[in-house]
Amino acid sequence: MARAEERPVLAVDLGGTKMIIALVSRNGWIIERHYWNTVAVEGPRAVIERVFEGIDYLLGENGLAPQQLSAVSIAAAAIIDMREGIITAAPNLPDWENIPLKSIVLEKYGIDTYLINDADAAALGEHRFGAGKGLNNLVLLTLGTGIGGGIIIDGKLYTGSYGGAAELGHMIIVEDGPECGCGNKGCLEALASGTAIAREARRRIVKGEKSSLAELAQGKQDDITAETVYLAAKDGDQLSLDVITGAARYLGKGVLNLVHIFSPDMVILGGSVARMGDLLFEPVRRIVGEQAFPLMAKSVQIVPARLGNDAGVVGAAVYTLEH
Ligand SMILES: [Zn+2]
């Protein structure tokens, strides 16, 4: 058996639609990874069973017993009480309320188990092995179905009092703006997430505005996603360009607030929406350049994430190594 300090971490990235289960080495390399569908609608019990099946599969494939792991670490799209190891709430995982996931996993495998918010994990991963390597202070936003956030201060993950800190997607940008999944109105997530981009495009098409998206979706509004809006924008569709620029301006305001609060060395934008590249980054950089205090604007880089889909599992593994 490998010496304790060489044992891999079994890391899980538990998202609303898919989960990644991976074996990660102590230096952040992914030894093996698999994707599964979360099927979140089936509720916590079924999802946890699926996580166990995934873990068992990976252990079996690699001829490992649980005791040959250094830990199990689960990054979840959830508000996590890190002291107690409880998932207190999860907007994209129906019925996950006060689920003591840490003790459930511990009971099953009998080894050290950690829980961490998925965007916090991504921030840790990017800080140790990605875009923000070696920097003291950084802020990360994951732009996907929702908007997650992670904050590194003086090289350490900032988790707040219980682990719930950095819900940066829920900073309110527009008073009485569109409704957010959290129940408030005008959150950054309700204005600049992939969901928000698709919704705004649909709203304007239903209103009768012209767009190549309307033909693309052939009347099926549900087929309009942030991805199709991006593809249409790249083809020169004006409505799609406007919608993305609008979302990018809200995002710029959010990033401007974060720059003023944290004056970080770097703001990292990750997640599927960040793959829109310059369409998104240019307005954000311009707003920060024009509206932030010059000292802060000059000292912050605004860059894309580097670890892609692996950020969550790599970060979850990093987190265990530091505890
Ligand atoms: Zn919100």
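Structural notes, computed from the coordinates. (Residues numbered from 1 in each chain as written. Predicted model: local features only at pLDDT ≥ 70, side-chain atom pairs only at ≥ 80, totals over all residues. Heavy atoms only, no water.)

## Digging into the coordination of the zinc ion
- At the metal site, the zinc ion is ligated by His170 (ND1), Cys180 (SG), Cys182 (SG) and Cys187 (SG), and these contacts range over 2.0 to 2.4 Å.
- All donors of the zinc ion come from a single chain, and their spacing in sequence reads H-x9-C-x1-C-x4-C. One end of the pair, His170, is in the loop between β10 (156–157) and α4 (188–192); the other, Cys187, is in the loop between β10 and α4, with 17 residues separating them in the sequence. (Donors = N, O, S within 2.8 Å, 3.2 Å for Na, K, Ca; no water. Helix = DSSP H or I, 4+ residues; strand = E, 2+ residues; numbered from the N terminus.)

## Description of the nonpolar core
- Of all hydrophobic cores here, the largest spans 60 residues; its most connected members are Leu10, Leu14, Ile55, Ile87, Trp96 and Ile116.
- Residue contacts for Trp96: discarding those within four places in its chain leaves Leu14, Gly43, Pro44, Val47, Ile48, Ile87, Thr88, Ala89, Ala90 and Leu101.
- One finds Leu143, Leu168, Ile224 and Val267 within the second-largest nonpolar core, a separate group that totals 47 residues. (Core = buried A, V, L, I, M, F, W, Y, C linked by side-chain atoms within 4.5 Å. Buried < 20%, exposed > 50% of the residue type's maximum accessible area, 1.4 Å probe, protein only. Contact = heavy atoms within 4.5 Å.)

## Topic: helix α8 (residues 238–262)
- Compared with the 36 Å implied by 1.5 Å per residue over 25 residues, the 35 Å span of α8 between its first and last C-alpha is a close match.
- At the exit of α8 stands Ser263, carrying a positive phi of roughly 40 degrees. (Expected span 1.5 Å × (residues − 1).)

## Some points on the sheet that holds strand β3 (residues 30–37)
- On the basis of which strands lie adjacent, the open sheet formed by 5 strands has the order β3-β2-β1-β4-β7 and mixed pairing. Pairing within the sheet leaves two strands with one partner each, and these edge strands are β3 and β7 (113–117). For this sheet, the mean inter-axis angle between neighbouring strands, taken without regard to orientation, is 15 degrees.
- Bridge count for strand β2 (residues 18–24) against β3 is 7 bridges, and the pairing is antiparallel. Bridging from a neighbouring strand, Leu23 pairs with Glu32 of β3.
- Its contacts with the sheet put helix α3 (residues 118–129) on β1 (9–14), β4 (71–76) and β7, and the angle it makes with β7 is roughly 95 degrees. (Pairing = 2+ DSSP bridges. Axes fitted to C-alpha atoms, helices over the stretch in contact; angles between N-to-C directions.)

## A closer look at the pattern of salt bridges
- Applying the stated criterion across every chain yields a total of 7 salt bridges.
- The partner of Arg128 in a salt bridge is Glu322, and the shortest N-O contact between them spans 2.2 Å. Of this pair, Arg128 sits in helix α3 while Glu322 is found in the segment after α11 (311–321), placing the two residues 194 residues apart along the sequence.
- In this structure, the salt-bridge partner of Glu209 is Lys207, at a minimum N-O distance of 3.5 Å.
- Through salt bridges with shared partners, a single network forms among Arg204, Lys207, Glu209 and Asp242. (Salt bridge = Lys/Arg side-chain N within 4 Å of Asp/Glu carboxyl O.)

## A short note on the sheet that holds β10
- Strands sit in the order β10-β9-β8-β11-β12 across an open sheet of 5 strands; the sheet is mixed. One side of each edge strand has no neighbouring strand; the edge strands of this open sheet are β10 and β12 (301–304).
- Of the strands in this sheet, β8 (138–143), β9 (147–153), β11 (266–270) and β12 are in contact with α8, which crosses β8 at around 160 degrees.
- Here helix α9 (residues 278–291) sits on the sheet in contact with β8, β11 and β12, set at roughly 170 degrees to β12.

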